[in-house]
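Secondary and tertiary structure notes
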Amino acid sequence: MKRATLANWRTAPHNRWAFHHVRELVASADVANDPARVRALAAQPADFTGLRIDPDSGEAMGIDAFLQETDTDGMAIVHRGRLVLERYGNGMTADDPHILMSVSKSLLGLLIAELDLGADRRVTDFVPEVKGTAYNDATLRDLLDMRAGIVWEENYLASSGPIVEIGRASC
């Protein structure tokens, strides 16, 4: 198989490897956690054997068949502070890095709601360093809705522009 590159890393079959090795393709920084502040979720596995997922075409299937059919690398469901389902596929484990992409917005939205930060507060309340930039009047909701008015072209093959500048700043 041809190797994953910036031109093909988000398409099959290259994404299978690339989503686990994105740091080798796209300039990024590893943000370490503080092990002293990590709290394991209590596990309370739920019975999902009766759950049937009805695809657009074909027969309804159970959760494990659905995850395999959709090539899902990992999935976790937390309900009322307890881990009720955790599954991994395609060679992934709980400790493997994996790109999150737009899942980050969902997680951030949950965090904003859980901590009652106020989605209508300005970004500058939390990151004063962006005062005077295009983020000056943006709210947390603007960021979650991807409507902060920032010019952005997600072109990983670009040789100049914002994506190159972010890459340099991340390293």
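All figures in this text were calculated on a predicted structure; none of them were measured in a lab.

1. Looking at the overall build of the protein chain
- Looking only at helices and strands, one finds five helices and three strands in the protein chain.
- Counting helices and strands in the order they occur from the N terminus, the protein chain gives α-β-α-β-β-α-α-α.
- Across its three principal directions, the C-alpha atoms of the protein chain cover 55 × 45 × 40 Å.
- Counting over 171 residues, the protein chain shows a buried share of 19%.
- Long-range pairs, those at least 24 residues apart, make up 32% of the contacts in the protein chain with a sequence separation of at least 6.
- Taken as a whole, the protein chain presents about 12,800 Å² of accessible surface, with 53% of it coming from carbon and sulfur.
- Positive and negative side-chain charges of the protein chain, numbering 18 and 25 respectively, have mean locations separated by a distance of 3 Å.

2. So, the packing of aromatic side chains
- Inspection of the entire model under this criterion finds one aromatic pair.
- Ring centres 6.1 Å apart and planes at 75 degrees place the aromatic pair Trp 9 and Phe 19 in the edge-to-face group. Taken as a pair, Trp 9 in the segment before helix 1 (14-18) and Phe 19 in the loop between helix 1 and strand 1 (42-43) lie far apart in primary sequence, ten residues in all. Neither Trp 9 nor Phe 19 differs from the other in exposure class; each is buried.

3. Points about the nonpolar core
- Counting residues in each nonpolar core, the largest one holds seven residues, listed as Ala 4, Trp 9, Ala 18, Phe 19, Val 22, Leu 25 and Val 26.
- Trp 9 has contacts with His 14, Asn 15, Ala 18, Phe 19, Val 22, Leu 25, Val 26, Ile 99, Met 101 and Tyr 156, leaving out every residue within four places of it along the chain.
- Counting residues in hydrophobic clusters, the runner-up holds six residues, among them Ile 112, Val 130, Ala 138 and Leu 140.

4. As for the environment of Arg 16
- Position of Arg 16 among the secondary structure elements: in helix 1.
- Assessed through its relative accessible area of 27%, Arg 16 is described here as partly exposed.
- Separated by 59 residues in sequence, Arg 16 and Met 75 place their C-alpha atoms 16 Å apart.
- Each residue touching Arg 16, except ones within four places of it in the same chain, is listed here: Asp 71, Asp 73 and Asn 90.

5. Overview of unusual backbone geometry
- Note that the residue after Ala 12, namely Pro 13, is joined by a cis bond; omega there is 0 degrees.
- The phi torsion at Asp 71 lies on the positive side, around 55 degrees, for a residue other than glycine.
- Within the element layout of this structure, Asp 71 appears in the loop between helix 2 (63-69) and strand 2 (74-79).

Parameters at a glance
- The numbering scheme is per chain: residues are counted from 1 as the chain's sequence reads.
- Local features in a predicted model are, by the rule used here, given only for residues with pLDDT of at least 70; side-chain atom pairs are given and counted only at 80 or more, and totals for whole chains, interfaces and linings are based on all residues.
- For the side-chain quantities, the full set of heavy atoms in the structure was used; hydrogens and water were omitted.
- Under the DSSP-based scheme used, a helix requires at least four consecutive residues in state H or I and a strand at least two consecutive residues in state E, with every element numbered from the N terminus.
- Burial here depends on accessible area, computed with a 1.4 Å probe over protein chains only, as a share of the maximum for the residue type. Under 20% is buried, over 50% is exposed, and the range in between is partly exposed.
- Note on contacts: a residue pair is in contact if any heavy atoms of the two residues lie within 4.5 Å.
- Residue burial considers only the protein chains on display, and all accessible areas are found by Shrake-Rupley using a 1.4 Å probe.
- Here the positive residues are Lys and Arg and the negative ones are Asp and Glu; neither His nor the chain ends is included.
- Charged groups are reduced to one reference atom each: NZ for lysine, CZ for arginine, CG for aspartic acid, CD for glutamic acid.
- Only centres within 6.5 Å qualify two rings of Phe, Tyr or Trp (six-membered ring in Trp) as a pair; their planes then separate them into stacked at under 30 degrees, edge-to-face at over 60, and tilted for everything else.
- By nonpolar core is meant a set of buried Ala, Val, Leu, Ile, Met, Phe, Trp, Tyr and Cys residues that side-chain atoms within 4.5 Å join together.

Remember, this is a structural readout, not a statement about activity or role.
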